[in-house]
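Chains, contacts and geometry: an overview
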Amino acid sequence: GENVEQHPSTLSVQEGDSAVIKCTYSDSASNYFPWYKQELGKRPQLIIDIRSNVGEKKDQRIAVTLNKTAKHFSLHITETQPEDSAVYFCAAGGGAGNMLTFGGGTRLMVKP
Amino acid sequence: NAGVTQTPKFRVLKTGQSMTLLCAQDMNHEYMYWYRQDPGMGLRLIHYSVGEGTTAKGEVPDGYNVSRLKKQNFLLGLESAAPSQTSVYFCASSPLSNTGELFFGEGSRLTVL
């Protein structure tokens, strides 16, 4: 089955700096790569996603890049703000049943 | 429109007791899932369903059973709870159109003593 590795497990940045979280996956059949944000005590919520026919996608301060050949994808957050502090999860999968395998999560802390 | 609702939100069990977590969605989604979340391990898929009357095993199915008798409901059962099942459980649903997005419930925190 699919295996997703996520790094780093914790990330601390100053407000205004950029943050990058990286994930690798193992199953070349995966074609959908979402990123979820989970605030403390809350449910995970989708913030951005990318499909295998696209190399990069941007939404305001958030961007995701995908390298299918190397089987890795990354989340980039620019001009970080304290409200970006949360745990971020990458996932890989798609296909029948829309099954997703999640990475272990990255705790992002943005210091004011 | 409530989305995905889980009950109960919190539960404490003794080893060997049984219980059922209920997930209900009002978005007419075909797919439903049960995940467990443990520190540093992300979300791991327990069981899932691609439609009413169907269920399948996920990554960590042992010790759990599920049923999907109605399209809107997905039940997760623990027949004989063990301390290793202490976790936060999330239900999620997804539409048949396969946009990919999972819609999560608020989570259920289970402690097994």
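Residues numbered from 1 in each chain as written. Chains lettered and ligands numbered in written order. Predicted model: local features only at pLDDT ≥ 70, side-chain atom pairs only at ≥ 80, totals over all residues. Heavy atoms only, no water.

1. Overview of the sheet that holds strand S6 (residues 56-59) of chain A
All names here are of chain A. Read across the sheet, five strands follow the order S1-S3-S8-S7-S6 without closing on themselves; strand pairing throughout is antiparallel. In this open sheet, the two strands that pair with only one neighbour each are strand S1 (4-7) and S6. Strand after strand, the sheet turns through a mean of 15° between neighbouring axes, direction not considered. Two strands pair when backbone bridges link them, and S6 and strand S7 (residues 62-67) are joined in this way by four bridges, in the antiparallel orientation. Among the inter-strand pairings, Glu56 is bridged to a residue of S7, identified as Thr65. (Pairing = 2+ DSSP bridges. Helix = DSSP H or I, 4+ residues; strand = E, 2+ residues; numbered from the N terminus. Axes fitted to C-alpha atoms, helices over the stretch in contact; angles between N-to-C directions.)

2. Some remarks on the sheet that holds strand S7 (residues 64-67) of chain B
All names here are of chain B. Spatial strand order, S1-S3-S8-S7: four strands in an open sheet with antiparallel pairing. Edge positions in the sheet fall to strand S1 (4-7) and S7, since each has one partner strand and no second. Averaged over all pairs of adjacent strands, the angle between strand axes in this sheet comes to 20°, irrespective of strand direction. Where strand S3 (residues 19-25) meets strand S8 (residues 73-78), six bridges bridge the pair, whose relative direction is antiparallel. Opposite Ala24, over in S8, you have Asn73 as the bridge partner.

3. Things to note about the pairing of strand S11 (residues 106-111) of chain A
Residue and element names in this part refer to chain A. Burial along S11 is one-sided: Thr106, Leu108 and Val110 are buried, and none of Arg107, Met109 and Lys111, which face the opposite way, are. Looking at chain direction, strand S2 (residues 10-14) and S11 are connected through five bridges and run parallel. Opposite Val13, over in S11, you have Val110 as the bridge partner. Of the pairings in the sheet, the one linking strand S9 (residues 86-93) to S11 comprises three bridges and is antiparallel in character. Opposite Ala86, over in S11, you have Leu108 as the bridge partner. (Buried < 20%, exposed > 50% of the residue type's maximum accessible area, 1.4 Å probe, protein only.)

4. Observations regarding the environment of B:Leu102
All names here are of chain B. By the element assignment, Leu102 lies in the loop between strand S9 (87-94) and strand S10 (103-104). Classification of Leu102 as buried rests on a relative accessible area of 2%. When the C-alpha positions of Leu102 and Arg44 are compared, they lie 14 Å apart, and in sequence the two are 58 residues distant.

5. Focus: the pattern of salt bridges
This structure, assessed with the given rule, holds eight salt bridges over all chains. For B:Asp38, the salt bridge is made with B:Arg36, and the minimal N-O distance between the two is 2.9 Å. Summarising the burial analysis for this pair, B:Asp38 and B:Arg36 share the class buried. Between B:Asp38 and B:Arg44 there is a salt bridge; the shortest N-O distance is 2.8 Å. Connected via shared salt-bridge partners are A:Arg43, B:Lys9 and B:Glu106. (Salt bridge = Lys/Arg side-chain N within 4 Å of Asp/Glu carboxyl O.)

6. Side note on the nonpolar core
Ranked by size, the top nonpolar core spans 23 residues in total, and within it A:Trp35, A:Phe73, A:Leu75 and A:Leu108 carry the most contacts. At the level of secondary structure, the elements contributing two or more residues to this core comprise S2, strand S3 (19-25), strand S4 (32-38), strand S5 (45-51), S7, strand S8 (72-77), S9 and S11 of chain A. Membership of the second largest hydrophobic core comes to 19 residues, among which are B:Leu21, B:Cys23, B:Val66 and B:Cys91. (Core = buried A, V, L, I, M, F, W, Y, C linked by side-chain atoms within 4.5 Å.)

7. Quick look at the state of the cysteines
As used here, a disulfide is simply a covalent bond connecting the sulfur atoms of two cysteines. One pass over the structure, following the stated rule, counts two disulfides over all chains. With a sulfur-sulfur separation of 1.9 Å, A:Cys23 is cross-linked through a disulfide to A:Cys90. Note on the A:Cys23 and A:Cys90 pair: the S-S dihedral is about -100°, so by sign convention the disulfide is left-handed. In this pair, A:Cys23 is assigned in strand S3 and A:Cys90 in strand S9, connecting sequence segments 67 residues apart. Judged by relative accessible area, A:Cys90 falls into the buried class, the value being 0%. Linked covalently through their sulfurs, B:Cys23 and B:Cys91 form a disulfide whose S-S length is 1.9 Å. (Disulfide = S-S within 2.5 Å.)

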